[in-house]
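Structure assessment
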Amino acid sequence: MTMKLSFSTLGCPSWDLPRVIDAARRSEYDGIELRFLQGDDALWSRAEFHGDGLAESLSRLRDAGLVVACVDSRSFLHQPEGTARRAAVEDAMRMAELAAALGAPGIRLFGDRVQPGADLASTRGWIIEGLTALRDVARPAGVGVWLETHGDFAPGAQARSVLDAVGEGVGAIWDPANAFSEFGETPEVGAEALGATIRHVHLKDVRRPVPPAAPLPWTPVLPGSGEFPARRVLEILEARRYTGFVSFEWEKKWHPEIEEPEVALPHFIRWVRGS
């Protein structure tokens, strides 16, 4: 397998960093994706990422043979109000500084959805503006700015149109299950549209609600037990000789009723390896 494996701490949102690192080491992951720690998503403000705390965190990661695959901002760039968009960009800039300190290759941003009173063209323009501003700050520090395929920009072609407008220094976090559950887009179509812009991949399995009535969200399920062709994503990436991270996104924070991370995180590794 050419790709590397990580998991998002969205799947274990109450854990502290040492517990995250220990779980990743024991299950033989290659890295971790930072989203929540002890319920906190203002990661840039945490003590373990400053001064002696940062040195200790980096040492723990090295000793476990792990890297930080991505730092997930909580920033949405779709707000019609300029002050809200600027605040989102500023928050993401703090995450970019954290990513640089941790040696992470990129940060995650959302586009995301056309808001009431706005339209697609204006929203697309705001997202391009925000990504450009972040790119110009993050790129000199060696940090990529990565747009997750999510919301109205979940389909590969929609996300690609934004990325092409910004140009170099940005890329996609491909989450094919988002486009599949909301738009019916297959992994083949999404991968073809995004092409070489894919920098990081979120992988999960989902099952449609019962009864299948909108607007209920699809439910996360353990990989291999849902309706999304998650195995096909791995096949596509392998055929493309993708060498980046595939990150297990177990949405425990948003769906507390699903299996505990002690069950889900080892399961993903076994499922990928076919054991």
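Only a predicted model underlies this, so the values are computations on that prediction, with no experimental measurement involved. (Residues numbered from 1 in each chain as written. Predicted model: local features only at pLDDT ≥ 70, side-chain atom pairs only at ≥ 80, totals over all residues. Heavy atoms only, no water.)

**Here we look at the sheet that holds strand β1 (residues 4-8)**
On the basis of which strands lie adjacent, the closed barrel formed by eight strands has the order β1-β2-β3-β4-β5-β6-β7-β10 and parallel pairing. This sheet shows a mean twist of 30° between the axes of neighbouring strands, independent of strand direction. As paired strands, β1 and strand β2 (residues 31-34) are joined by three bridges and run parallel to one another. Within β2, the residue paired with Phe 7 across the bridge is Ile 32. Strands β5 (144-148) and β6 (170-174) of the sheet are contacted by helix α5 (residues 156-166), whose axis makes an angle of about 165° with β6. (Pairing = 2+ DSSP bridges. Helix = DSSP H or I, 4+ residues; strand = E, 2+ residues; numbered from the N terminus. Axes fitted to C-alpha atoms, helices over the stretch in contact; angles between N-to-C directions. Contact = heavy atoms within 4.5 Å.)

**Looking at the packing of aromatic side chains**
Per the counting criterion, the structure on display carries nine aromatic pairs. Here the aromatic cluster, defined as three or more aromatic residues joined through ring pairs, consists of Phe 7, Tyr 29, Phe 248, Trp 250, Phe 268 and Trp 271. Directly above the ring of Trp 271 sits Arg 231, whose terminal nitrogen or CZ lies 4.3 Å from the centroid. Lying over the aromatic face of Phe 36, Lys 253 brings its terminal NZ or CZ to 4.9 Å of the ring centre. (Phe/Tyr/Trp six-rings, centres within 6.5 Å; stacked < 30°, edge-to-face > 60°. Lys NZ or Arg CZ within 6 Å of the ring centre and 35° of its normal.)

**Notes on helix α2 (residues 51-64)**
Helix length check: α2, at 14 residues, gives a terminal C-alpha distance of 20 Å against a target of 20 Å (1.5 Å per residue), a fit within 8%. Those residues of α2 not exposed but buried are Gly 53, Leu 54, Ser 57, Leu 61 and Ala 64. Looking straight down α2, one finds that the buried residues subtend no more than 100° of arc, so they occupy a single side. Exposed residues on α2 whose side chains face more than 90 degrees from its buried face are Gly 51, Asp 52, Arg 62 and Asp 63. Next to the buried residues of α2 lie α1 (17-26), β2, β3 (67-76) and α3 (82-102). Gly 65, located one to two residues past α2, shows a positive phi value of around 70°. (Expected span 1.5 Å × (residues − 1). Buried < 20%, exposed > 50% of the residue type's maximum accessible area, 1.4 Å probe, protein only. Arc of directions from axis to C-beta.)

**Focus: the environment of Lys 204**
For Lys 204, the position within the fold is in the loop between β7 (198-203) and β8 (205-207). C-alpha separation for the pair Lys 204 and Arg 231, spaced 27 residues apart in sequence, amounts to 9.9 Å. Not counting residues up to four positions away in its chain, the partners in contact with Lys 204 are Asp 175, Ala 177, Asn 178, Phe 228, Ala 230, Glu 249 and Glu 251. Within the local environment of Lys 204, its side chain forms a polar contact with the side chain of Asn 178, the two groups lying 3.2 Å apart. (Polar contact = N/O pair within 3.5 Å; in protein donor to acceptor, adjacent residues only side chain to side chain.)

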